[in-house]
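# An overview of the molecular structure
Take a look at the letters that make up each chain.
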Amino acid sequence: MNFVCTRCGRKEAVITRAAHCTCGGLWKLEANLPAFDLSGVDTHEWSLFRYRKFMALEDESWRAVTMGEGMTPVVRLDEDVLLKMDYFMPTLSFKDRGAAVLIAHCKSIGVDQVVQDSSGNAGNAVAAYCAKAGIACEIFVPEGTSPKKIDMIRAHGAACTIVPGSRDHCADVCRAKVEQEGVYYANHVYNPFFYEGTKTYIYEVFEQLGRIPANLVIPVGNGTLFLGAIYALEHLQNSGVIDHFPQIIALQSQNCDPLLRAAAQGALEPAAVTPTPTIAEGISIGKPMRGEEILRLAKKHGVRFVHAPEDKILEARAALARKGVYCEHTTAANYAAYLEYRRLNGPTPDTLLTMCGAGLKSGHENAKVQSLPFQGRWLGEAETERLSSSRVQHRHEVLPRQRFPAEELQKQLLVFLRVLDLLAVEAGRRAEGRFGSCVVQQLAQAQQVEHTRRDARQQLPVIHGLERVAEQKIDQQIFIRHGQLCPERRGRRILMHGGIQHGLEPLRQVLHIV
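Presented here is an overview of the structure given in this document.

Thresholds applied
- Residues numbered from 1 in each chain as written.
- Predicted model: local features only at pLDDT ≥ 70, side-chain atom pairs only at ≥ 80, totals over all residues.
- Heavy atoms only, no water.
- Helix = DSSP H or I, 4+ residues; strand = E, 2+ residues; numbered from the N terminus.
- Contact = heavy atoms within 4.5 Å.
- Phe/Tyr/Trp six-rings, centres within 6.5 Å; stacked < 30°, edge-to-face > 60°.
- Buried < 20%, exposed > 50% of the residue type's maximum accessible area, 1.4 Å probe, protein only.
- Lys NZ or Arg CZ within 6 Å of the ring centre and 35° of its normal.
- Axes fitted to C-alpha atoms, helices over the stretch in contact; angles between N-to-C directions.
- Parallel < 35°, antiparallel > 145°, perpendicular 65-115°, else oblique.
- Nonpolar A, V, L, I, M, F, W, Y, C, P; charged D, E, K, R; others polar.
- Pairing = 2+ DSSP bridges.
- Expected span 1.5 Å × (residues − 1).
- Polar contact = N/O pair within 3.5 Å; in protein donor to acceptor, adjacent residues only side chain to side chain.

With that settled, the discussion passes to the side chain of Thr354. Along the polypeptide, Thr354 turns up in strand 13 (residues 351-354). With residues near it in sequence (within four places) discarded, Thr354 still touches Lys84, Asp86, Tyr201, Val217, Pro219, Leu225, Thr331 and Asn334.

Okay, here's the thing in structure tokens:
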């Protein structure tokens, strides 16, 4: 078993710590696996390692790593749609499939420390399995990542570094650490062992249904599930288990679609795009590192690409929830894309959708943008003093006052301004004293701060950042002058109180502008 460079063909033993070939090409795995046959499945093992005969594993290290991942149910949504409930996993996402195998490989070759970059789910999975395996771990996530995912990563004992900027920039920062410090890159895109885990998605479906549905809807950002599914389907076909490929419907975010655009143009490389904010954070990848391979396989197997309309994702999520399926927004994009595909192509029966992430991990509940004109009144001095007291009553819970570090406030200030108008929608109904769009307008008068109501709508996903601030129960005065924090305590004073618990409900957030 060897790694083989996808660019120059050079071979390297799988015990290497190198993240890629010296020429810059990514590794693929060369392994001599037997033909797939259900008789080779270990039915006494209730995890994805029941398929280990058909997976590239060096030894039995997986036994110290597995947490029973896999074997997720297939349920019927309606007469046309089946759902593979892949968030029924230890860390609530399908990424556990790849992480379990990748970390088993790390343990097998003696790795004691890893780094990984992620939009949240893969990082959480790697952190959890590293904890199980006793491997030190650091996860890099982009700003705007759901705070609930960040909390889970840190709960597993991993360091979580939040990187300003895009998802692609976050990856660049993490890879720079890999190159400079030589730490092992346990990455779900670079490391081929991750795909040995995502292959089992298809093996399970075949074992559970005795067939492969006619249509498979698969989200594509970096392509970890897409590639694993293709590898497994090719294995089944080459083994004579299936006689034809299903129709794969690959979806991309409407706001970040380099592969869809390239496929539409017949290009061999991902199109150059500038991602704009999307609530489908898990597939917001502007530069997929295995993009050329994805496009080659898509062309070979007649894959059809479709957008997940941004304005339909929340509707799709609500529709699934009304059927008892509570998923995160990237997962809801799968259903939104299916409905869009059906709108464009007509009825699409016998379709399998992956439910790849649980709704409990989403950090931007009730994510609707509305415009709310200023209502009510500013708080009087007496009310301000009362709210500034050492303790703030929040329904039946008393919240202790906590000082918030000034440098952290500075990091979060722009995020706060961007979503202030959105926050006003909820706070206007519940807070003592109402405020609205005019606050943003007043603060935007300085040249350095140009966030308007329109910009707040465009920057919807960064409400994660606001939650991260609010959940820490801010009770702090900050001073703004010329659109920036003023250390001399001159300028407009903003008083922030209370906190947001459990998303935006219930909400008690009060502002006072002086």
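Still more ground to cover, so stick around.
This brings us to the packing of aromatic side chains. Two aromatic rings are characterised by how far apart their centres lie and by the angle between their planes. Inspection of the entire model under this criterion finds 12 aromatic pairs. Ring geometry for Phe49 versus Trp62: centroids 4.8 Å apart, planes at 20 degrees, classification stacked. With Phe49 in the loop between strand 3 (27-30) and strand 4 (74-76) and Trp62 in the loop between strand 3 and strand 4, this residue pair connects regions lying 13 residues apart in the sequence. Overall, the relative accessible area of 2% leaves Trp62 in the buried class. Through a chain of ring-to-ring contacts, three or more aromatic side chains come together here, namely Phe36, Tyr51, Phe54, Tyr203 and Phe206. For the cation-ring pair, Arg50 lies above Tyr51, with the distance from its terminal atom to the ring centre recorded as 6.0 Å.

Our focus in this paragraph is the packing of helix 6 (residues 200-209) against helix 7 (residues 224-238). Interhelical geometry of helix 6 versus helix 7 gives an angle of 50 degrees and a closest axis separation of 7 Å. The angle between helix 6 and helix 7 falls in the class oblique. Judged by residue contacts, Tyr201, Ile202, Tyr203 and Phe206 of helix 6 engage Leu225, Ala229, Ala232, Leu233, His235 and Leu236 from helix 7. Residue classes in the contact of helix 6 with helix 7 are distributed as 9 nonpolar, 1 polar and no charged.

A separate point is the sheet that holds strand 1 (residues 2-5). Strand-to-strand pairing in sheets goes through backbone hydrogen bonds, with the strands running parallel or antiparallel. Taken in spatial order, the 3 strands of this open sheet run 2-1-3, and their pairing is antiparallel. Both outer strands of the open sheet, strand 2 (11-13) and strand 3, are each paired with one neighbouring strand and no more. Neighbouring strand axes in the sheet, compared pairwise and without regard to direction, differ in orientation by 35 degrees on average.

For helix 1 (residues 95-108), spanning 14 residues, the distance from its first C-alpha to its last is 20 Å, which sits close to the expected 20 Å at 1.5 Å a residue. Across the 14 residues of helix 1, 12 count as buried, placing the element largely inside the fold. Of the positions making up helix 1, those classed as buried are Lys95, Asp96, Arg97, Gly98, Ala99, Ala100, Val101, Leu102, Ile103, Ala104, His105 and Cys106. Of the residues trailing helix 1, Gly110 is marked for its positive phi of about 85 degrees.

Turning our eyes to something else, we now look at the side chain of Glu196. The residue Glu196 is located in helix 5 (residues 193-198) in this model. There is a polar contact of 2.8 Å between the side chain of Glu196 and the backbone nitrogen of Ala56. Only 3.1 Å separates the side chain of Glu196 from the side chain of Lys199, close enough to count as a polar contact. The contacts of Glu196, once residues within four sequence positions are left out, are Leu29, Leu33, Phe54, Met55, Ala56 and Val101.

Moving on: the environment of Val220. Structurally, Val220 is set in the loop between strand 10 (215-219) and helix 7. In this structure the C-alpha to C-alpha distance between Val220 and Ser253, which are 33 residues apart in sequence, comes to 8.7 Å. Setting aside residues no more than four positions away along its own chain, Val220 makes contact with Phe226, Ala250, Leu251, Gln252, Leu259, Ile283 and Ile294.

Moving on, we get to the sheet that holds strand 9 (residues 184-185). What the 4 strands build is an open sheet, ordered 8-7-6-9; its pairing is parallel. Among the strands making up the open sheet, the edge pair consists of strand 8 (159-163) and strand 9. Pairing between strand 7 (residues 136-142) and strand 8: 5 bridges, direction parallel. Across the sheet, residue Ile139 finds its bridge partner in strand 8, namely Cys160. Strands in contact with helix 3 (residues 147-155) are strand 7 and strand 8; relative to strand 8, the strand with the most contacts, it is inclined by about 150 degrees.

Just distances and angles here, no functional claims.
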